[in-house]
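Next come the chains, spelled out residue by residue.
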Amino acid sequence: MAEERAHAGGLYYFGCQSVACLRSGEFRDTAVGTGGVSVDAETGTCRALGAVEAAGLDLF
């Protein structure tokens, strides 16, 4: 799988997935409810996103 990231409003957003999915590329190995992370472009502060919040951002 290709690395996915987006930059918006001073934050970098990174999608994340299970190791099994990254190794196999199979949909059945995807982690349910994983919303990714955001990293502040200035401070480097990192926080996990909820699945609903990530979906609402429509970044990927």
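Here is what the cut-offs are and how they apply
Residues numbered from 1 in each chain as written. Predicted model: local features only at pLDDT ≥ 70, side-chain atom pairs only at ≥ 80, totals over all residues. Heavy atoms only, no water. Pairing = 2+ DSSP bridges. Helix = DSSP H or I, 4+ residues; strand = E, 2+ residues; numbered from the N terminus. Axes fitted to C-alpha atoms, helices over the stretch in contact; angles between N-to-C directions.

*Asks:* So what exactly am I meant to see when it comes to the sheet that holds strand S2 (residues 11-14) here?
*Replies:* Backbone-to-backbone hydrogen bonds pair the strands of a sheet. The strands run either parallel or antiparallel. On the basis of which strands lie adjacent, the open sheet formed by four strands has the order S1-S2-S3-S4 and antiparallel pairing. Every interior strand has two partners, whereas the edge strands, strand S1 (5-8) and strand S4 (46-48), have only one. Looking at each pair of strands side by side, their axes are set apart by 20° on average, direction ignored. In terms of strand pairing, S1 meets S2 through four bridges, oriented antiparallel. Within S2, the position partnered with Ala6 by the bridge is Tyr13.

*Asks:* Help me out: how do you make sense of the pairing of S2 in this one?
*Replies:* On any regular strand, side chains alternate: one points to one face of the sheet, the next to the other face. Counted between consecutive antiparallel strands, the loop separating S1 from S2 contains two residues, among which Gly9 sits at a positive phi close to 55°. The pairing of S2 with strand S3 (residues 37-40) spans four bridges and is classified as antiparallel. Bridge assignment links Tyr13 to a residue of S3, and that residue is Ser38.

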